[in-house]
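Breakdown of the fold
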Amino acid sequence: MPPDTVLKVESPTESQDRLSGLTDRITEQDMNKTPMANPIEAISGRVAGLAVQKGDNARASLQAVRLRGTTSLITGNDPLIIVDGVFGDLQMLNSVYPSDIESFTILKDASETAQYGSRGASGVIQITTKKGVGSKMHVSYSGSCGMTFAYKRLGMLSAGRYRETVNALGIDALDKGFDTDFQKEIEQVGFRQNHHVAFNGGSTGSNYRIALGYIDREGVIKGERLKNFFSNMNMSQKVFGDKVITYLGMFASIRNNSVIPDEQKLFYSAASFNPTFPNHRNPNTGSWEQTTTANQITHPLAWIEVNDDESNSHISTHALLEFTPDNRFTVKMFGSYSHNVIEHGQFFPTYVWAHGQAYRSTRKSEALVGNITCNYKESVGKHSVNLLALAELQRETESGYEVTVTDFNTNDFGYHNLQGGATRLWEGTTSFYDRPSLASFMGKMDYAFDHRYSITATIRADGSSKFGARHRWGVFPSVSVAWMAGKEAFMRNFPVVNDLKLRAGYGLAGNQSGISSYATRTMLSPDGVAPIGDLSSVTLSTMKNINPDLKWEVKRTFDAGVDIALFENRLYFSAGYYRSTISDMLYLYHVAVPPFIHHTLLANIGSMRNSGTEISLGVIPLRTAESQLSVNLNATFQQNKLLSLSGYYNGEIISAPKYRSIASLNGAGFHGGYNHVVYQVVGQPLGVFYLPKSTGLVSDGKGGYTYGVADLNGGGVSLEDGEDRYIAGQAMPKLLIGSNVGFRFRRCDLSIQLNGAFGHKIYNGTALTYMNMNAFPGYNVMNEAPSRCIKDQTATDYWLERGDYLNVDYIAFGWNVPLTGTYVNSLRLSVMVDNVFTFTGYSGLTPMINHSVVSSTLGLDDKRGYPPARTFSVGFNVTF
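Residues numbered from 1 in each chain as written. Predicted model: local features only at pLDDT ≥ 70, side-chain atom pairs only at ≥ 80, totals over all residues. Heavy atoms only, no water.

Here we come to the pattern of salt bridges. Note on pairing: side chains with opposite charge can pair once their charged atoms come close. Per the stated rule, a full pass over the model turns up 29 salt bridges. A salt bridge links Asp100 to Arg209; its shortest N-O distance comes to 3.0 Å. Residue Asp100 is found in the loop between strand E5 (86-88) and strand E6 (101-107), and its partner Arg209 is found in strand E10 (residues 206-218); the two are separated by 109 residues along the sequence. Given a relative accessible area of 2%, Asp100 falls into the buried group. Three or more residues are tied together by salt bridges with common partners; here these are Asp24, Arg68, Lys108, Asp559 and Glu614. (Salt bridge = Lys/Arg side-chain N within 4 Å of Asp/Glu carboxyl O. Helix = DSSP H or I, 4+ residues; strand = E, 2+ residues; numbered from the N terminus. Buried < 20%, exposed > 50% of the residue type's maximum accessible area, 1.4 Å probe, protein only.)

As structure tokens, this is what we get:
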């Protein structure tokens, strides 16, 4: 594999189709070198403004991908994914094997995303897969295998220290006589393997490529397993010389995933379960022994036996016909069809869930897209213009069902025989059917003068079936300008400057993702069963308040930046500023009854602002015929502010509460108390810590300590919202950085990747819980808990910590084996270490928790920490 090169933004000379916008393009040689299960991991840390939040070490899934932060409070924050012209979401990425990707193109600014209308409101990631080349058939194989080890655990009392503490305190505790570390008992050494084979070839008039892939990953937690089978096929054929070109393609996958059904329940139980209990079933009863003094936890090894399996089958096909009657005019007709089926089965045995519970669901989605584009190019002297017109239609169909049953007499059936459960839960039996459609028209003009000055103007109209007739269509224009100063005559006086570009743009983008297919229509839904004589009948009622005035959520973005290359392109620097304001923001409000029928209403009222500065720096300090050293760094300074959530609807003032809890602590002792930690507050960034201020530990007069609380408003201590609480920090980082270092010497190369986040905080709810001696001996505690003797778990800022970290994602070493006189074109061997080390001051297991998704886990480390794991793997690549 070629050595690392400086990652840079495309200049006008590299892409005449993008004259004035900002585009990050990452080719195969720039991608991350570690084995991966999801393609987006290939660009993690490589692009300023792009945050890739991975799932747990074994799940091989993504928690979130964000381009320039959160853009909506409801949904629609994920970027649009486009694979060879096929529109999709993050789920579709699971159907593309990473080795099949030729390049990523990341579109962030308004002028680039506007051409995709509402679907591009949160950014666009275009993926181009590899195509067949040459006149001879080539065969390539790439594979890797490795082992994953958990390397860090919580420091809980061992069985010996548990007994010593019980004796020292003079209390009674159940002692089963064993010495069990349940954190170790639920773990295993995870094995993972990746395999990929590709065939490609062609002639002067046609080419083809066929590829098959397989990923198999075992997690470090027992029972976790991922298997994913891939296929990717494409071909092209020229007709009538070069006048007509046809492209056909298909990619598909079958993914089977076994996961932990409830991470918090499992890890909470493993850490705090009585360590004197055995690691096996009771030989007399055949069941797992439980403790009656800790009703929030279950024997951890019983949780391991819970079945939670998901199967995902996906196929996407696409075709493109390109007609070029002359060099100036091109017509393209494109069509794609995608089909996705997700089957989910879950079974909780009777020793984990009272009476047992089984769940089955099937969700099917289909997407059909067709468009036609006409492109005209003309150059006269120093003037050049590129005109594009597009018409597009998209239709989606989504359907599914789910069934939940309980009251099992045996655990033998699992979720495979729902008739084994005597009771079918009313609230757990549902089905649905949606069929939204979207029509779009777009016009785009690129104008350039003398390759030095350019302007791009785009206007797109989207019409969605989700809206009422008055607001169905949204129009989203954009404009951007650029000055290629590096091509000016006066720049010849500065030979060290190879390229210099200044750019600016402004545009609108719409978002409809927070609206369901029938949100503006009156709907009836089953809400219960009523007796009518000797029979029963299902009753129907309206589901929600109807808002016929729902309209597009609109984002207005301004961008400006500069790109410069120096010293024969050995130094590259790019800096950009963006500011986005989201208006008519969708939000679910609590409203009065009457005048409304129901207590909630979806409406366009609020507003929010995102802004930031993105910096990319690449340098090649060493470059000779035999060696090269390249260093790349990108940094994103981001800010977010919730501006408003109040306004008028039909003459009625509606608003959200001033303080709305987002993330709260739960578990033993946290039900119904002051357990709210992360809030949504107007005038603040999304997700702030709104907490009582602790004065430290104070004596309770009984030999223990509690958390002192400061009286901030002088009216006596109160933990209620609006009383003795303050904004103690934010959950989302202010600074994200990514860096990669590549060094090549002859046929050997070394790659190092780092990622970091700074300026945010983490609430260590795990320590708050496990340091509470009031829970002992029913729940085990941390090693330091007996000596500190804290008998309180009031949520204050005492356990609020800085979340800054710098993580060494991987180190990879490769050797390109010299070959002479063989049928082998290339051979490469490599060794890699993933998740090498984390530099942080955070005292918990890991600071890499959810710090980008507005959900119940935002900024909160609360007894759900997956054990950090490190993977050692070897790789083999060969081409014939």
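What follows deals with the sheet that holds strand E39 (residues 761-764). Taken together, three strands build an open sheet; the order of strands is E40-E39-E43 and the sheet is mixed. Strands with a single pairing partner mark the edges of an open sheet, and in this sheet they are strand E40 (800-802) and strand E43 (860-861). (Pairing = 2+ DSSP bridges.)

Right, let's get into the confidence of the model for the protein chain. When pLDDT is averaged along the protein chain, the result is 90, and 96% of the positions lie at 70 or above. Low pLDDT, under 50, characterises residues 1-18; the stretch is placed with 61 contacts to residues that sit more than four places away or in other chains. (pLDDT = per-residue confidence, 0-100. Contact = heavy atoms within 4.5 Å.)

All right, on to unusual backbone geometry then. What is expected of a backbone is that most residues other than glycine have negative phi and most peptide bonds are trans. The omega angle of the peptide bond from Val593 to Pro594 is -15 degrees, so this bond is cis rather than trans. In the segment running from Pro594 into Pro595, the intervening peptide bond is cis, with an omega of 10 degrees. Within the chain, His451 stands out as a residue other than glycine whose phi angle is a positive 60 degrees. Within the secondary structure, His451 sits in the loop between strand E19 (437-449) and strand E20 (453-464). Judged by relative accessible area, which is 52%, His451 ranks as exposed. One non-glycine residue with positive phi stands out, namely Glu568, at about 55 degrees. Residue class for Glu568 comes out exposed when judged on its relative accessible area of 60%.

Here His280 is to be found in the loop between helix H4 (263-272) and helix H5 (300-304). Among the residues examined, His280 registers a relative accessible area of 35% and is labelled partly exposed. For His280, the contacting residues outside a window of four places in its chain are Phe178 and Trp288.

Moving on: the nonpolar core. Ile221, Tyr589, Val677, Phe689 and Tyr763 are the most contacted members of the largest nonpolar core, which has 77 residues in total. In this structure Ile221 touches Ile186, Glu187, Gln188, Ile260, Leu266, Phe267, Ile304, Tyr866 and Pro867, once residues within four positions along its chain are discounted. The next biggest cluster of nonpolar side chains, apart from the first, holds 25 residues, and it includes Ile26, Ala42, Ile43 and Leu50. (Core = buried A, V, L, I, M, F, W, Y, C linked by side-chain atoms within 4.5 Å.)

Pairing geometry for strand E12 (residues 244-258) and strand E13 (residues 307-323), over 15 bridges, is antiparallel. Within E13, the residue paired with Asn256 across the bridge is Ser311.

Judged from the 17 bridges that link them, E13 and strand E14 (residues 329-348) form a sheet pairing that is antiparallel. Bridge assignment links His314 to a residue of E14, and that residue is Asn340. Once E13 ends, the chain turns through five residues before running back antiparallel as E14. Pairing between E14 and strand E15 (residues 357-380): 20 bridges, direction antiparallel.

For helix H2 (residues 159-169), the set of buried residues is Ala159, Tyr162, Thr165 and Val166. Along the axis of H2, the buried positions cluster into a sector of 125 degrees, meaning they face one direction only. The outward face of H2, more than 90 degrees from its buried face, is lined by the exposed residues Glu164, Asn167 and Ala168. On the buried face of H2, the contacting elements are helix H7 (785-788). Once H2 ends, the next one or two residues include Gly170, with phi positive near 65 degrees. (Arc of directions from axis to C-beta.)

The next thing to look at is the sheet that holds strand E32 (residues 676-681). Ordered in space as E31-E32-E33-E36, the four strands form an open sheet in which the pairing is antiparallel. The two strands at the open ends of the sheet, each matched to only one other strand, are strand E31 (659-664) and strand E36 (726-730). Neighbour to neighbour, the strand axes of the sheet diverge by 45 degrees on average, direction disregarded. Note that strand E33 (residues 688-691) and E36 share four bridges and pair antiparallel. Looking at the pairing, Tyr690 lines up with Ile727 of E36. (Axes fitted to C-alpha atoms, helices over the stretch in contact; angles between N-to-C directions.)

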